[in-house]
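Descriptive analysis of the structure
Letter by letter, the chains look like this.
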4 protein chains.
Amino acid sequence: MAIKKVGILGATGTVGQRFITLLSDHPEFKIAVLGASARSAGKPYAVATKWKQSIAMPKEISQMSVKACDPKEFSECDIVFSGLDADFAGEIEKSFRDANLVIVSNAKNYRREPTVPLVVPTVNTDHLDVIKYQRQENKLDRGCIITNSNCSTAAVVVPLKALQDAFGPIAQTNVVSMQAISGAGYPGVSSLDILDNIVPFIGGEEEKIEWETRKILGSVNSTISGYELTDNVVSAQCNRVPVIDGHLMCISVKFAKTSPTPDQVREVLANYVSEPQKLGCYSAPKQAIYVFDDSTPDRPQPRLDRNNENGYAVSVGRIRSDSIFDIKFVSLVHNTVLGAAGAGILNAEVAVKKGLM
Amino acid sequence: MAIKKVGILGATGTVGQRFITLLSDHPEFKIAVLGASARSAGKPYAVATKWKQSIAMPKEISQMSVKACDPKEFSECDIVFSGLDADFAGEIEKSFRDANLVIVSNAKNYRREPTVPLVVPTVNTDHLDVIKYQRQENKLDRGCIITNSNCSTAAVVVPLKALQDAFGPIAQTNVVSMQAISGAGYPGVSSLDILDNIVPFIGGEEEKIEWETRKILGSVNSTISGYELTDNVVSAQCNRVPVIDGHLMCISVKFAKTSPTPDQVREVLANYVSEPQKLGCYSAPKQAIYVFDDSTPDRPQPRLDRNNENGYAVSVGRIRSDSIFDIKFVSLVHNTVLGAAGAGILNAEVAVKKGLM
Amino acid sequence: MAIKKVGILGATGTVGQRFITLLSDHPEFKIAVLGASARSAGKPYAVATKWKQSIAMPKEISQMSVKACDPKEFSECDIVFSGLDADFAGEIEKSFRDANLVIVSNAKNYRREPTVPLVVPTVNTDHLDVIKYQRQENKLDRGCIITNSNCSTAAVVVPLKALQDAFGPIAQTNVVSMQAISGAGYPGVSSLDILDNIVPFIGGEEEKIEWETRKILGSVNSTISGYELTDNVVSAQCNRVPVIDGHLMCISVKFAKTSPTPDQVREVLANYVSEPQKLGCYSAPKQAIYVFDDSTPDRPQPRLDRNNENGYAVSVGRIRSDSIFDIKFVSLVHNTVLGAAGAGILNAEVAVKKGLM
Amino acid sequence: MAIKKVGILGATGTVGQRFITLLSDHPEFKIAVLGASARSAGKPYAVATKWKQSIAMPKEISQMSVKACDPKEFSECDIVFSGLDADFAGEIEKSFRDANLVIVSNAKNYRREPTVPLVVPTVNTDHLDVIKYQRQENKLDRGCIITNSNCSTAAVVVPLKALQDAFGPIAQTNVVSMQAISGAGYPGVSSLDILDNIVPFIGGEEEKIEWETRKILGSVNSTISGYELTDNVVSAQCNRVPVIDGHLMCISVKFAKTSPTPDQVREVLANYVSEPQKLGCYSAPKQAIYVFDDSTPDRPQPRLDRNNENGYAVSVGRIRSDSIFDIKFVSLVHNTVLGAAGAGILNAEVAVKKGLM
């Protein structure tokens, strides 16, 4: 397979940095262009960024000259990954699509568009098909926007997809999240707000989980472009906690038609296989869902389990019956890998394999 | 009012230390005896304990000679507060009651006994009445055990009591807790388990919240001794978080008969007045429930709000409608004050005022 | 004594908030005016500020209307405390002095002026005398600027003053600091920089410790206005650590003429009495230096000891001989009390007692 | 090169776990036997241990049956790595040597023996030669004990070795450490002691830094077995900080004969090449000392830099002139890699390459 040239928008931000660490030794994608604000343009990447990853900045990246987020600078790119803030993503990503470029975006701006796929790669890569309608709509042969979910949504939809496939529609889902500080970018959360503390509020986050879950677990309508949301009633309460990486969620689920036992749930989750695994994608986890059984009732934990499968797995534990819902459990996602940059990369790998780019 | 002499069992532990800081300048109770393990007996308190409070150890306490937990050593005490671990509390507290002493205990051992009151002071001090049945049962004219709730239960029952009084029975309550490390005592939680981490499991905690809530919000049956549990179905998921003091809970509530608006709930909580307030007890909070409105959607927070009313208030915020339940909100309790030592002290103040000791 | 009306500049910042918590129940000073940026002016204080103190905002303060930092707004104030950032303090404080107002400032801008006293209240309140030269210079009968030290300097100079008084000049002082995040204001240090981390650099901090120590421990030259720095060679290395309040310093000291034993040092520190104590000032600590002996070799610790004497004491422990210097020890200061707002307040109390205002 | 079979003593502890993560995919060493306490013996490793590494437990290791720490169980091992606690290491390691086994130990027990090499692999692998005297003394043809340094010592001796080689003897070294919690093992430091806190004391740690530095930087006396300590006067002050991995040290150095400039120091450190690098050892870092220059004055930081070169490098920054000593700088080591298990592994690699095993 020919190596694809890729660009990164918002390369100096937290998500952009994660794109770099995940792509710097990727066998199929080669970083060709780094884009950031006008203020950074023209500077070597090492000067333009405040590197906050616990892996050292790759040498060859550090010397690259940062470009402005202008489609002309990215014309050679087969794929452009976007880690832009929502404040800028709307206009910039549109201009890139208009220039017939393929945008794989972590920003929220286009997630609700009917013909823009909103994809968590180990859940609903079949939704990628709608980019053909998007291209038709925009009269483009190649340009399109593909989005991945909000970071916390990923921890919800991966296990729910496996459960929905096995046990039918889900009626109600209650979610309480404990979310890592890296989800807020840099400088993001002030240390005075989070040391010895929890902040029980993240602006806009609950609405994202509640709506995105229904689109991702919904179906693509193949005759007319667009989506049908599932009927799943989702209620979310989001908290910021003093954890660096890894969103942990307490999830309670009520099914519409059945009431599986904890053992059945455990088995279904452990045996779940997603499309990127079947396609043999490079970044696909060997195990899409890590399941902890009753012998380790205190897992998953962010620090110990967020890096399972290099951050592309979701880890689930404490599966048990619930007195209000049917089942409750704990779910963990690496918020900047499967919850952000990694989702975009694996989505792109799938799209390439399926000949969609 | 004559000053009462009090003793403290388990005086060197985390809860014992909190009893000391709360009692050392109490106008009605005077610390007369400190009890701890045989290993500590005979030593000055300052030598026997590893003081972990952020308030300096009171000078006069530091010199007191620690006694063994033997009823004979506490014979002069009007009230004996117990901060004993459950491993020891069962036998020792019984021996104290048998010696006709009044035990106000934070331990879980006797909470489920039908004639032992399980009381959160700003909720159900009317339950203190059952000690007369306990004394009859044990053929004692004075000796009895009074218990307070598990620390996390307190954050649940205070707002639920106000809501139940105003809107009638509660059908379902879903609770997800984020609990401080001080709740596990000392050395308690290893720092390797909790720095940059969350542990989604606390042994026995969920069962305590689920059962204790129903006893505390239930009614005392005045003809035959004992309790009737409420029908409220409570489901709890408990997490340990890197916070020193203060348990924060995400609570969702479904009422049996009504569906109040967030504004109605806010008003009811803000106007709730508990019995210790009406009695003018020394430690009673001026406001039993601190309510944060929509102008501060990120409150309560443990570090900023746990000390409201010296730790005797519960703080509630983010009151909003829920798509699955009727109402959801966030509730915070100081786990070693109203959730432990402070509850015992205020319970004792009420019992004294009511002539029950 | 007549109650003094006081104003607070920079009232919405971290230091300003601490001024408010310390002054809100002060028996001699009454908060009359709160000043902040033009953006805040006209708003109620509760709206203008993001309160980050662990003590609730005083009710009467929350309703006060914030004023611009204009001398006219503060004309009724006997004393104006300044918690302004250095970026603004230079111009504003000068304009206040020019308006014949008394400024007690925590900002660094005027600390190096020869006729501006740089005072840690439990160290060198005798330096307050130079304000008479400052007034002469500026042709004012009342207006003047009094400064307190940088937060970390306070932990150094309090024990050094006691040692210098007892054992003569100090030749060399090596300081390594571990400083709390509250020292950087709000939002200040990003949580991504400090969770599970240390930052071994604080811009400008080392120079402040090295120079301020020499001015504070130096002498006022009473014939010509101004100071003589001590000869003490001070070398500082500063680190930011994940602690909320309390700067901890490892200090090594070499004397010019003697070499006292650890026991002698311990005795001198424990017996040190500062001028505010002798004058009976309201905020003066009973004990200016808390000394931990060998029975508690792991103290002082920020969380346990920063509130000793309401934050007006310095705590010292681990006093021992050194193989390179004479003596080494650990010193702790509450950086926003004696290291900032509290120093200003106690300086003002002394100045009032001495008839200097 | 034939693959060596290795055993691990103390395999369930923190250092033992790190040995496992570092050895599980080592091309030259194959884990053959895992030893732990009698309590663990006979159990599968996954059951016997509480895994606290952020990398998942290797599958093949999880199934291995743990053995008692008895030489008979390890007879097939070419090398036995010991992560034993000092309480047990003394007797067990001796019995292993007596059984003619090669022990590479992280314990402190034999570090001070004249014929036991105390080696930091990027500093003094020439000291490995003394094992021939050790074997003579014990009348063994193969059995011997090789030790690595205390974790914090490693951060000191690596840069000091480079400096001593270039600029001659060092007269004085002042060290203030900020040490990670993983250095204390599990459960180790209580979270109540370290959240929002620093503990300015680690029992025995300062003495280790002060003495070990002098042995490691000293010379092997080749005619009579044993060491000569350097004359370097080392003074250490040790603090525990809320960091998971990575010891950060503020170091001040005075040379006996010269006074190099910061630029000279920077160049010498950046160009330093250690013996394992020259020998091409598998685990040897490409760069033994990472040097940060003035463009990044806030580095190294534990979270960002501890994993440089997989934890086998020491990172140094903030190199500058000092007013008391000649030079001061900040040094960081990964305390469980180069400061513990990694040091043992790289020492063993060197010993194998040199034909000493």
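None of the values given here were measured: they were computed from a predicted structure.

1. Side note on the UniProt feature "modified residue: Phosphoserine" in chain A
UniProt feature "modified residue: Phosphoserine": in the numbering of this structure it lies at Ser 323 of chain A. Inspection of the secondary structure puts Ser 323 of chain A in the loop between strand 13 (314–321) and strand 14 (327–333). Dropping the residues within four chain positions of it, Ser 323 of chain A is found in contact with Val 233, Val 234 and Ser 235 of chain B.

2. Some details on the UniProt feature "binding site: NADP(+)" in chain A
All names here are of chain A. Taken from the UniProt record, the annotation "binding site: NADP(+)" applies to Thr 12, Gly 13, Thr 14, Val 15, Ser 37, Ser 40, Leu 84, Asp 85, Gly 183 and Asn 335. A maximum C-alpha distance of 25.9 Å among these annotated residues, which run over 324 residues, shows that they spread across the structure rather than meeting at one spot. Examined against the element boundaries, Thr 14 turns out to sit in helix 1 (residues 14–23). For Thr 14, a relative accessible area of 15% gives the class buried. Beyond its immediate sequence surroundings of up to four residues, Thr 14 is in contact with Gln 53, Ser 182, Gly 185 and Tyr 186. By the secondary structure assignment, Ser 37 is in the loop between strand 2 (29–36) and helix 2 (45–48).

3. Focus: empty space enclosed by the protein
Applying the stated rule across the entire model yields 1 cavity of 30 Å³ or more. A volume near 40 Å³ is recorded for the largest cavity. Surrounding the largest cavity, Ile 194, Leu 195, Asp 196 and Pro 242 of chain A, Ile 194, Leu 195, Asp 196 and Pro 242 of chain B, Leu 195 of chain C together with Leu 195 of chain D form its lining. Tallied by class, the residues present in the lining of the largest cavity amount to 8 nonpolar, no polar and 2 charged.

4. Some remarks on the domain arrangement of chain A
All names here are of chain A. For chain A, the domain assignment lists domain 1 (4–150 + 341–353) and domain 2 (151–334). Each partner contributes to the interface: domain 1 provides 36 residues, whereas domain 2 provides 42 residues. For the pair domain 1 and domain 2, the summed buried surface comes to about 3,100 Å²; carbon and sulfur atoms form 60% of the total. Area buried by domain 1 at its contact with domain 2 is led by Thr 122, Val 123 and Asn 150, which between them contribute 23% of it. The interface formed by domain 1 and domain 2 includes 2 salt bridges. Between Asp 245 and Arg 18 there is a salt bridge, and its shortest N-O distance comes to 3.5 Å. Linking domain 1 with domain 2 are 16 residue pairs in polar contact (both at pLDDT 80 or more). Per-class residue counts for the side of domain 1 that touches domain 2 are 14 nonpolar, 10 polar and 12 charged.

5. Points about the interface of chain B and chain A
Between chain B and chain A, the contact holds 49 residues from the first and 49 residues from the second. Taken as a group, Asp 196, Gln 237 and Ile 324 of chain B account for 18% of the area that chain B buries against chain A, more than any other trio of residues on that side. Summed over the shared surface of chain B and chain A, the result is 8 salt bridges. Put simply, Glu 206 of chain B and Arg 318 of chain A hold a salt bridge, and the shortest N to O gap is 2.6 Å.

6. Description of the packing of helix 6 (residues 151–167) of chain D against helix 9 (residues 262–271) of chain D
Residues and elements named next belong to chain D. Closest axis-to-axis distance for the helix 6/helix 9 pair is 9 Å, and the angle between their directions is 115°. Regarding the angle of helix 6 to helix 9, the classification is roughly perpendicular. For the pair helix 6 and helix 9, the crossing hand works out as right-handed. Touching Pro 159, Ala 162, Leu 163, Ala 166 and Phe 167 of helix 6 are Gln 264, Val 265, Val 268 and Leu 269, all from helix 9. Partitioned by chemical class, the residues of the contact of helix 6 with helix 9 number 8 nonpolar, 1 polar and no charged.

7. Side note on the interface of chain A and chain C
Counting residues at the interface gives 17 residues for chain A and 17 residues for chain C. Both sides of the chain A and chain C interface together cover about 1,500 Å² of buried area, and 69% of this is carbon and sulfur. For chain A, the biggest contributors to the area lost against chain C are Ser 191, Leu 192 and Leu 195 of chain A; these three give 42% of the whole. Taken together, chain A and chain C are joined by 2 salt bridges. Across the pair Asp 193 of chain C and Lys 52 of chain A runs a salt bridge whose closest N-O atoms are separated by 2.6 Å. At the junction of chain A with chain C, the criterion picks out 8 residue pairs in polar contact (both at pLDDT 80 or more). Split into classes, the residues belonging to the side of chain A that touches chain C amount to 10 nonpolar, 4 polar and 3 charged.

8. Side note on the relation of the copies chain B and chain A
With an RMSD of 0.0 Å, chain B superimposes on chain A once it is rotated by 180° and translated 0.0 Å along the axis. Read as a symmetry element, the transformation amounts to a two-fold axis. In this assembly, 100% of the residues forming the interface of chain B have copies in chain A that are likewise at the interface, indicating an isologous arrangement.

9. Let's talk about the pattern of salt bridges
Under the defined criterion, the tally for this structure stands at 61 salt bridges over all chains. One salt bridge connects Asp 322 of chain C with Lys 328 of chain C, and the closest N-O pair in it is separated by 3.3 Å. Per residue, the accessibility class of Asp 322 of chain C equals that of Lys 328 of chain C, and both read buried. When the shortest N-O distance is used, the salt bridge between Arg 266 of chain D and Asp 263 of chain D registers 2.8 Å.

What counts, and at which threshold
Residues numbered from 1 in each chain as written. Chains lettered and ligands numbered in written order. Predicted model: local features only at pLDDT ≥ 70, side-chain atom pairs only at ≥ 80, totals over all residues. Heavy atoms only, no water. UniProt positions renumbered as here; feature names shortened; annotations may be inferred. Helix = DSSP H or I, 4+ residues; strand = E, 2+ residues; numbered from the N terminus. Contact = heavy atoms within 4.5 Å. Buried < 20%, exposed > 50% of the residue type's maximum accessible area, 1.4 Å probe, protein only. 1 Å grid on protein atoms, 1.4 Å probe; cavity = no way out; pocket = protein on both sides within 12 Å on 5 of 7 lines; lining within 4 Å. Points joined across faces, edges and corners; volume = space filled by probe spheres on them. Nonpolar A, V, L, I, M, F, W, Y, C, P; charged D, E, K, R; others polar. Domains from an automatic or database assignment. Buried area = accessible area lost by both parts, 1.4 Å probe. Salt bridge = Lys/Arg side-chain N within 4 Å of Asp/Glu carboxyl O. Polar contact = N/O pair within 3.5 Å; in protein donor to acceptor, adjacent residues only side chain to side chain. Axes fitted to C-alpha atoms, helices over the stretch in contact; angles between N-to-C directions. Parallel < 35°, antiparallel > 145°, perpendicular 65-115°, else oblique. Left-handed = near helix turned anticlockwise from the far one by under 90°. Least-squares fit on C-alpha atoms with pLDDT ≥ 70 in both.

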